[in-house]
Amino acid sequence: MENFTFAWLDRETYEGYPLKFSYRTDRHYRVTASQWSMSLREETFPEPVEKAFTDELFGDWLEAPVALGAFLGEELAGVIEGSVETWHNVFRISNLLIMEPYRKAGLGTALMGRMLAHAKSLDCRGAILETQSCNYPAISFYRKQGFTLSRIDLREYHNDDILRGEVRLDFFLAFSQQKEG
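Calculation criteria
Residues numbered from 1 in each chain as written. Predicted model: local features only at pLDDT ≥ 70, side-chain atom pairs only at ≥ 80, totals over all residues. Heavy atoms only, no water. Helix = DSSP H or I, 4+ residues; strand = E, 2+ residues; numbered from the N terminus. Polar contact = N/O pair within 3.5 Å; in protein donor to acceptor, adjacent residues only side chain to side chain. Contact = heavy atoms within 4.5 Å. Salt bridge = Lys/Arg side-chain N within 4 Å of Asp/Glu carboxyl O. Buried < 20%, exposed > 50% of the residue type's maximum accessible area, 1.4 Å probe, protein only. Pairing = 2+ DSSP bridges. Axes fitted to C-alpha atoms, helices over the stretch in contact; angles between N-to-C directions. Core = buried A, V, L, I, M, F, W, Y, C linked by side-chain atoms within 4.5 Å.

## What about the side chain of S133?
Point 1. Counting through the fold element by element, S133 comes out in the loop between β7 (126-132) and α3 (136-144).
Point 2. Here G165 takes part through its backbone oxygen, which lies 3.3 Å from a polar atom of the side chain of S133.
Point 3. Beyond its immediate chain neighbours, meaning those up to four positions away, S133 contacts H28, Y29, V31, I139, G165, E166, V167 and L169.

Have a look at this one:
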């Protein structure tokens with residue numbers, strides 16, 4: 001990995017900072033559902049699909065967000081953002097973005113590791129994050145980080161999410177709770 005430095009981002013400076021996500025994938029998870037069951041099946045697209053969307057740092061919907069940046073010199077090469085959700089003592093990873101020239105270099109793993117260490121230091125019981133059934137690269141990455149599927153929401157974005165092939169998937173990573181004794 002190159003000579004990246006990591007720093008917590010100042011909210012005043014980075015609030016509203018635009019994040020431009022994009023990915024290309026040749027596969028996805030098809031979600032099927034009946035009245036009492038759901039399943040996912042990995043499928044290949046006939047042609048690779050490109051997706052793009054935007055977000056911004058320090059959104060109002062987060063309780064007390066923190067963001068960690070990875071820099072190469074003065075350039076922001078990647079960022080991860082998260083916040084404790086106090087109602088269930090879980091740390092939500094809300095954004096993880098590695099800028100295109102720095103992907104596949106271990107930067108996502110480095111940022112995730114640092115953010116998970118921060119979440120553990122807050123005594124959260126685990127970390128949760130959201131992605132879509134069509135974001136195969138993200139799903140593969142999260143699974144490699146130890147996250148497991150914890151929720152499928154068939155209508156989070158639209159009433160026809162299954163037909164659109166963009167079903168919300170939540171992944172959870174439980175932190176081991178050591179008992180004193």
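## What about the pattern of salt bridges?
Point 1. Taken as a whole and judged by the stated rule, the model has 14 salt bridges.
Point 2. When the shortest N-O distance is used, the salt bridge between K51 and E166 registers 2.6 Å. Pair noted here: K51 is in strand β3 (residues 38-56) and E166 is in the loop between α4 (161-164) and β9 (168-174), with a separation of 115 residues, a long-range link.
Point 3. Measuring nitrogen to oxygen at the nearest pair gives 3.6 Å for the salt bridge that ties R168 to E130. On the criterion of sequence distance, the pair formed by R168 in strand β9 and E130 in strand β7 is long-range, its members being 38 residues apart.
Point 4. The exposure class assigned to R168 is buried, which follows from its relative accessible area of 9%.
Point 5. Classification of E130 as partly exposed rests on a relative accessible area of 30%.
Point 6. Via salt bridges that share partners, E130, R151, D153, E156, R168 and D170 belong to a single interconnected network.

## Description of the sheet that holds strand β6 (residues 90-98)
Point 1. Taken in spatial order, the 7 strands of this open sheet run β1-β4-β5-β6-β7-β9-β8, and their pairing is mixed. Each of the sheet's edge strands pairs with one partner strand only, and the pair in question is β1 (5-8) and β8 (148-153). Averaged over all neighbouring strand pairs, the angle between strand axes comes to 25°, with direction disregarded.
Point 2. Most of the contacts of helix α2 (residues 107-121) go to β6, to which it runs at about 160°, and overall it touches β1, β4 (66-72), β5 (75-85), β6, β7 and β9.
Point 3. With respect to the sheet, α3 is in contact with β6, β7 and β9, its orientation differing from that of β7 by roughly 165°.

## Description of the nonpolar core
Point 1. The biggest cluster of nonpolar side chains holds 34 residues, and the ones touching the most others in it are I80, L107, L111, M112 and F147.
Point 2. Among the elements of the structure, β2 (18-33), β4, β5, β6, α2, β7, α3 and β9 are those that each provide at least two residues to this core.
Point 3. With 6 residues, the top contributor of residues to this core is α2.
Point 4. Leaving out residues up to four positions away in the same chain, I80 has contacts with V66, A67, L68, I93, N95, L96, L111, M112 and M115.

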